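Structural description and commentary
This is what each chain is made of:
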Amino acid sequence: MANLLFFISLFLIWIMLLYHMFLMEGGYLHFRSFEKPIDEWSKKMTHVPSVSVFIPAHNEALVIEQTLRAMSRLYYPKDKLEVIVINDNSSDETGDIAKQYAEKFPFIRVIETVEPNKGKGKSSALNSALADSTGDIVVVYDADNTPEKMAVWYLVMGLINDPKAAATVGKFRVINATETWLTRFINIETICFQWMAQGGRWKWFKVATIPGTNFAIRRTVLEQLGGWDVKALAEDTELTIRVYNLGYHIRFFPKAITWEQEPETLKVWWKQRTRWARGNQYVVLKFLSQFFTLKRKSIIFDLFYFFFTYFLFFFGVILSNALFIINLFYDIGLTVGDIALVLWVLAFLLFLGEVMITLSIEKTEMNRKNFLYVILMYFTYSQMWIVLVVWSLFLEIKRMFTGQEVQWYKTERFSKQTDKGAE
């Protein structure tokens, strides 16, 4: 029985490893080709639509000025652009700083959230801005983001040249990548499991996931959907599923780049990633109950991917680890020790090769220091995710049974950053 369970766990683990290798290959191919249509697409950028940029902000005084400075430099016709800072119940100088920029730049303005949306989190803030804006295209940036000058232009370009796309997704880079060992891990994670996962899924399946920042979506689609789900901690993933169910797709176009701040301490990382995991688990549980009524096959594929990632894969890892540890102290008849060792070594080499190939797309990241961090990452950061997902699932199941109201956690900021990427 123990051997059977162990082989089941290995099967689940290796399915995910090989699938991510498949995505890496697709992502690399997308990296080699995504810029080719830009010259032709640019010809259609003569009469561009109006754009509303939403920046939800709650106590963001440390970073909001840098973000608004980047907004002031955006390459987009200013008579077609409005930048809306949504000051959501801030108790610091966020509102004052934003108002200073609003006085200086006519296309920037500040709105204050009011009841019942006040202080309820990102989704409620975005819904407030949706009701108080006019742009044909809505673009969302987090308050710690410094988008590159052409970012919004490229996001809109993707929509203009793809009528079947409801949204365009760009890529983000870590602005504080070298601050701590943790930000170095997150930087590697971002390039590999955001860039390549998105690129691979788009290349092979024409599927992408809306992130929390650096994306553009058609207003008509948002209004048809009724805005953002205020109960979802991962409002981006939840929105993705509903967009696909309308019959649209979401285009991944990594030419649109933004730089953002990532957690520099474990405490902040844990809270942020727990929210992400719980949010994705909420989406899986919400839409699995509607599995047979979903209209689009692409949604079912994506839903199964999240289900496999946050439930089956981590179940396989936990089961294999538990059996291995128990067998050290009690004889449970586990006779696959040598096989397990070989598969573990192969899994590690697969992880190492996959990550290093992916890092090669960013020339500044391919160095000896990052090679050592990738090795260390496998034994530390990757294992931390296992514990975090289990804890998140416990909290989400508890919330479902107790009816506890969702509480939004805003990621803590650390310091003012440079204008890297904003020029």
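Thresholds applied
Residues numbered from 1 in each chain as written. Predicted model: local features only at pLDDT ≥ 70, side-chain atom pairs only at ≥ 80, totals over all residues. Heavy atoms only, no water. UniProt positions renumbered as here; feature names shortened; annotations may be inferred. Helix = DSSP H or I, 4+ residues; strand = E, 2+ residues; numbered from the N terminus. Buried < 20%, exposed > 50% of the residue type's maximum accessible area, 1.4 Å probe, protein only. Contact = heavy atoms within 4.5 Å. Pairing = 2+ DSSP bridges. Axes fitted to C-alpha atoms, helices over the stretch in contact; angles between N-to-C directions. Core = buried A, V, L, I, M, F, W, Y, C linked by side-chain atoms within 4.5 Å. Domains from an automatic or database assignment. Patch = residues over 30% accessible without salt bridge, like charges linked within 9 Å, V, L, I, M, F, W, Y side chains within 5 Å. Areas by Shrake-Rupley, 256 points an atom, 1.4 Å probe, with all protein chains shown as cover. Salt bridge = Lys/Arg side-chain N within 4 Å of Asp/Glu carboxyl O. Lys, Arg positive; Asp, Glu negative; His and termini not counted. Charge placed at Lys NZ, Arg CZ, Asp CG, Glu CD. Phe/Tyr/Trp six-rings, centres within 6.5 Å; stacked < 30°, edge-to-face > 60°.

Heading Sequence similarities (unreviewed entry) of the UniProt record for the protein holds this comment: "Belongs to the glycosyltransferase 2 family."

1. What to know about the side chain of Q198
Following the sequence through the fold, Q198 ends up in helix α7 (residues 181-205). You can call Q198 buried: its relative accessible area is 7%. Not counting residues up to four positions away in its chain, the partners in contact with Q198 are V169, V207, A208, T209 and F252.

2. Some remarks on the pairing of strand β6 (residues 165-174)
Among the 10 residues of β6, 10 are classified as buried, and the element is accordingly described as predominantly covered. In this structure, β6 lies alongside strand β8 (residues 249-260), joined through eight bridges in parallel fashion. Bridge pairing in β8 links V174 to E260. Relative to strand β7 (residues 215-218), β6 runs antiparallel, the two sharing three bridges. Counted as the bridge partner of V169 is F215 from β7.

3. Some remarks on the sheet that holds β7
For sheets, the rule is that strands pair by backbone hydrogen bonds, running either parallel or antiparallel. An order of β3-β2-β1-β4-β7-β6-β8-β5 is seen for the eight strands of this open sheet, with the pairing classed as mixed. Across the chains shown, the open sheet's two edge strands, defined by having one partner strand only, are β3 (108-112) and β5 (146-147). In this structure, strand β4 (residues 137-140) lies alongside β7, joined through four bridges in antiparallel fashion. Bridging across to β7, V139 finds its partner in A216. Strands β1 (51-57), β2 (81-87), β3 and β4 of the sheet are contacted by helix α5 (residues 122-131), whose axis makes an angle of about 145° with β1.

4. A closer look at the nonpolar core
For soluble globular proteins, the rule of thumb is that nonpolar side chains tend to be buried together. Within the largest apolar cluster, 123 residues are counted, with the highest numbers of intra-cluster contacts made by V53, F54, L68 and W228. Shared between two domains, this core takes at least three residues from each, and those domains are domain 1 (1-19 + 300-401) and domain 2 (34-296). L68 has contacts with I55, V83, V85, A98, Y101 and I108, leaving out every residue within four places of it along the chain.

5. Concerning a positive patch on the surface
A surface patch of positive charge is lined by R32, K36, K203 and K206. Considering the arrangement of structural elements, one finds R32 in helix α1 (residues 2-33). We classify R32 as exposed; its relative accessible area is 56%.

6. A few points about the packing of aromatic side chains
Aromatic ring pairs are described here by two measures, namely the spacing of the ring centres and the angle between the planes. One pass over the structure, following the stated rule, counts 21 aromatic pairs. On the basis of an interplanar angle of 45° and a centroid distance of 5.7 Å, the ring pair of F185 and Y381 is categorised as tilted. Highlighted residues: F185 in helix α7 and Y381 in helix α14 (residues 381-402), separated in sequence by 196 residues. Between the aromatic rings of W269 and W385, the centroid separation amounts to 6.0 Å while the plane-to-plane angle is 85°, which identifies the pairing as edge-to-face. A residue pair is termed long-range when its members are at least 10 positions apart, and W269 in helix α10 (residues 266-288) and W385 in helix α14 qualify at 116 residues. The same class applies to W269 as to W385, namely buried.

7. With respect to a nonpolar patch on the surface
On the surface, a nonpolar cluster with roughly 640 Å² of combined accessible area is contributed by L341, V342, W344, V345, L346, L349 and F379. Residue placement: L341 occurs in helix α12 (residues 337-359).

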